[in-house]
Amino acid sequence: MKFMKLGSRPDTFITTEAVRSVNSEVISDLIVQVKGSRYLLHKFPLLSKCSRLQRLSSESPETSQHQIVQLPDFPGGIEAFELCAKFCYGITITLSAYNIVAARCAAEYLQMTEDVEKGNLIYKLEVFFNSCILSGWKDSIVTLQSTKSFPLWSEDLGITSRCIEAIASKVLAHPSKVNLSRSYSRRGQRDDISCNESENRRHNKGSSKIWWAEDLAELSIDLYWRSMIAIKSGGKVPATVIGDALRIYASRWLPNISKYANLERQLVYDQSESDSIGKHRLLLESIISLLPAEKGAVSCSFLLKLLKATNILKASCSSKMELARRVGLQLEDASVNDLLIPCVSHTCDTIYDVDIVITILQHFMLQVQSPPTSPLRRKGDFERRRSRSAENIDLEFQESRRSSSASHSSKLKVAKLVDGYLQEIARDTNLPLSKFISIAEAIPEFSRLDHDDLYKAIDIYLKGHPGLNKSERKLLCRMLDCKKLSMDVCMHAAQNELLPLRVVVQVLFFEQARTAMSGGHVTELTSNIKALLANHDDTSKTSASFNKAKKMAPVDDQWSNASGLKSPKSNLSTLKMKLAEDDDLDEHNADEIGKSSRIRALCVLPNRPKKMFSKLWSNNRSSVASEKN
């Protein structure tokens, strides 16, 4: 830490009965009152250097021995006044980054300028500030921190702006060119280094691109915000480095905001808690305003943490929507736990904020509008455009393929993410069916290579919401594609009492078809069924998935043992019972179709579904009869 010493006389200030005075043979003739403290001093040394004291002394009445001068609004208090008074007496004073702001404001208040005396205090402080303080990294930060106690004076004197400019210039410069002090910038850890002494030690993080972030994280949010704006305006610091610096600052000042989560559910809380929430809210919104515009500058996990903080701290809607937009741009990098954003408002019934997740998914789909399954243009189509060269045509063709591939990959990742998220929120008994379906249908159908995770989410929701009626269960299972279910999931679904009959019929059919193609009892299949399986299934993949399912860890108590499930033959008996049960439930509806027509409607199959399903049924009956014989 750099310092400057002025004066050569020893300190002769003493305290007697709460009055500060100078131990001198000359009787004091001036009383100065500073914020409740009294000083018995002498006119000659003070008035010769302080223009303001000269004017006040001439205006104030003079008593028998002492003339009284009142300084009620003195900046810096008694410590700063003593520095100026001791300088007038020639007593040694030490100036550093910790007290230079207070001394500079006090000297300005007393008008200790060159017009009063050459080499006055203001001149010496300015020389030290410009040549030593601003040239050092830690000194600039400490000085900038100390301006918080004198905001108006520091702004008027240009101390704050000059410190910010010095800090920004050092961040934009190469670390090897920055003069870093030997000691850390916090109070209490000081190294007495002369202003003229060369600093040959470098910061241990000087070679890193983010060497400055930890030190800047000590600043208050208003000073930090101004410093980051100056750094960003330089245009030399990468967006990822800016993002890392913001993450460090957020972890420094927003570590325990979760304590406000339970507080927000209360209708009344004291003023101190309200003020604390307001300060953290301002800090959060300032960090959000500093986020770089470039995609990937900050991690998706960090953005979602900020989004959780906006709910807890009740930040502005604009900040919340901005974070949702940014998360949507890189949603494929998120995890399920990141998306579990608590809903802390006392007016919210659900555990998690599903509305903001729906908004995030909408932003994600906006950036990947073009479907990856659309046919790519042939090179000949591009060549018809005479305004473009052959090189540009090739580049556009290749770029379109790369962007299409990236978009498809992102959708596949987000589809898995959404299905995992649905499994978590499905346990919430207050989650409306409409919101569950909205989230599930926010991702296009082709993005789900399989529907196993979606089925598990639906099963969890059905268990957590036993009050759903028949139409609601049908609406919930409408988005489920039985052709994309694995063997073990089909076996579970075939015995799931909560599923609608339509889903069970489809599951049983595709289970029997897969069994036939993998070498089961049903061997005589029509060409239509084989074509259907060729389009929607791969027998080798089915066999592999079945063997893999045996090794899978249990997800739920009903998923733990696939060997205990019924065989495909017994599934037909289950189907018959469900059909009979469905007839009993719906016989009072006049517009309800018959049993055979219901099977045709439920089993959505190409090319004569009734004939295929009846043949499959007869084949199973014949195999059962042969076994009995």
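In this report, we go over the structure that sits alongside the text. Quick caveat, the model's predicted, so the values are computed rather than measured.

1. A word on the nonpolar core
Among the nonpolar cores identified, the biggest contains 157 residues, and Leu71 and Trp212 are the most heavily contacted of them. The element that contributes the greatest number of residues to this core is helix 4 (residues 100-110), accounting for 9 residues. Apart from the residues within four sequence positions on either side, leucine 71 is in contact with Val32, Gln33, Val34, Lys35, Leu53, Leu56, Phe81, Tyr109 and Leu110.

2. Some thoughts on the state of the cysteines
A complete count under the given rule lists 0 disulfides for this structure. Of all cysteine sulfurs, the one in cysteine 88 lies closest to cysteine 50, which takes part in no disulfide; the gap is 4.0 Å. Free of any disulfide, cysteine 84 has its nearest cysteine sulfur in cysteine 50, 6.8 Å distant.

3. Some remarks on the packing of helix 8 (residues 159-172) against helix 10 (residues 221-234)
Orientation of helix 8 relative to helix 10, taken along the N-to-C sense of each, is 45 degrees, at an axis distance of 9 Å. One finds that helix 8 runs oblique with respect to helix 10. Of the two elements, helix 8 crosses helix 10, and the hand of that crossing is right-handed. Every residue of helix 10 that contacts helix 8 at Thr160, Ser161, Ile164, Ala168, Val171 and Leu172 is listed here: Leu223, Arg226, Ser227, Ala230, Ile231 and Gly234. The class makeup of the residues in the contact of helix 8 with helix 10 is 7 nonpolar, 4 polar and 1 charged.

4. Concerning the side chain of serine 154
Summarising the element assignment, serine 154 is placed in helix 7 (residues 151-157). What makes serine 154 buried here is its relative accessible area of 0%. If we skip the residues at most four places from it in the chain, serine 154 touches Val101, Thr147, Ile159 and Thr160.

5. A closer look at the pairing of strand 5 (residues 37-41)
Here 3 bridges tie strand 3 (residues 19-22) to strand 5, and the two strands are oriented parallel to one another. Among the inter-strand pairings, arginine 20 is bridged to a residue of strand 5, identified as tyrosine 39. Here strand 4 (residues 30-34) folds back onto strand 5, and the loop between the two strands holds 2 residues, one of which, lysine 35, carries a positive phi near 50 degrees.

6. Details of the sheet that holds strand 5
Strand order in the open sheet formed by 5 strands is 2-3-5-4-6, and the pairing between neighbours is mixed. The two strands at the open ends of the sheet, each matched to only one other strand, are strand 2 (13-16) and strand 6 (67-70). On average, each strand axis in the sheet is tilted by 25 degrees relative to the strand beside it, whichever way the strands run. Against the sheet, helix 3 (residues 77-89) makes contact with strand 2, strand 3, strand 4 and strand 5, and its axis sits at roughly 5 degrees relative to strand 5, the strand it touches most.

7. Some remarks on helix 5 (residues 121-133)
All of the buried residues in helix 5 are Leu121, Ile122, Leu125, Glu126, Phe128, Phe129, Cys132 and Ile133. Those residues of helix 5 hidden inside the fold are in contact with strand 1 (2-6), helix 3, strand 7 (93-96), helix 4, helix 6 (137-146) and helix 8.

8. Side note on unusual backbone geometry
Phi angles above zero are rare outside glycine, and lysine 35 is one such case at about 50 degrees. When you line up the elements, lysine 35 lands in the loop between strand 4 and strand 5. We note that glutamine 111 has phi near 60 degrees; this positive angle belongs to a residue other than glycine. Accessibility expressed as a relative area gives 28% for glutamine 111, which makes it partly exposed.

9. What to know about the environment of histidine 465
Among the structural elements, histidine 465 can be located in the loop between helix 21 (452-464) and helix 22 (470-477). The sequence separation of histidine 465 and aspartate 428 amounts to 37 residues, and the corresponding C-alpha distance is 8.8 Å. Contact partners of histidine 465, with chain neighbours within four places excluded, come to Ala426, Asp428, Thr429, Asn430 and Leu431.

10. Describing the packing of aromatic side chains
Summed over all chains, the structure comprises 10 aromatic pairs. Summarising the aromatic geometry, the rings of phenylalanine 509 and phenylalanine 510 are spaced 5.2 Å apart at their centres and angled 75 degrees between planes, so their arrangement reads as edge-to-face. For phenylalanine 510, a relative accessible area of 6% corresponds to the buried category. Joined through ring pairs, the aromatic side chains of Tyr39, Phe74, Phe81, Tyr109 and Trp153 make up one cluster. Cation over ring: arginine 52 sits above tyrosine 109, and NZ or CZ is 4.0 Å from the ring centre. Between arginine 252 and the ring centre of tryptophan 253, over which it is positioned, the NZ or CZ distance is 4.3 Å.

11. A few points about helix 8
Helix length check: helix 8 (14 residues) gives 20 Å between terminal C-alpha atoms against 20 Å at 1.5 Å per residue, within 8%. Of the residues making up helix 8, those classed as buried are Ile159, Thr160, Cys163, Ile164, Ala166, Ile167, Ala168, Lys170 and Val171.

12. A look at the pairing of strand 6
By the alternation rule, side chains of strand 6 split into Gln67 and Val69, which are all buried, and Ile68 and Gln70, of which none is buried. As paired strands, strand 4 and strand 6 are joined by 4 bridges and run parallel to one another. When the bridges of strand 6 are listed, valine 32 appears paired with valine 69.

The rules we used
- Residues numbered from 1 in each chain as written.
- Predicted model: local features only at pLDDT ≥ 70, side-chain atom pairs only at ≥ 80, totals over all residues.
- Heavy atoms only, no water.
- Core = buried A, V, L, I, M, F, W, Y, C linked by side-chain atoms within 4.5 Å.
- Buried < 20%, exposed > 50% of the residue type's maximum accessible area, 1.4 Å probe, protein only.
- Helix = DSSP H or I, 4+ residues; strand = E, 2+ residues; numbered from the N terminus.
- Contact = heavy atoms within 4.5 Å.
- Disulfide = S-S within 2.5 Å.
- Axes fitted to C-alpha atoms, helices over the stretch in contact; angles between N-to-C directions.
- Parallel < 35°, antiparallel > 145°, perpendicular 65-115°, else oblique.
- Left-handed = near helix turned anticlockwise from the far one by under 90°.
- Nonpolar A, V, L, I, M, F, W, Y, C, P; charged D, E, K, R; others polar.
- Pairing = 2+ DSSP bridges.
- Phe/Tyr/Trp six-rings, centres within 6.5 Å; stacked < 30°, edge-to-face > 60°.
- Lys NZ or Arg CZ within 6 Å of the ring centre and 35° of its normal.
- Expected span 1.5 Å × (residues − 1).

In short, geometric facts, not functional conclusions.
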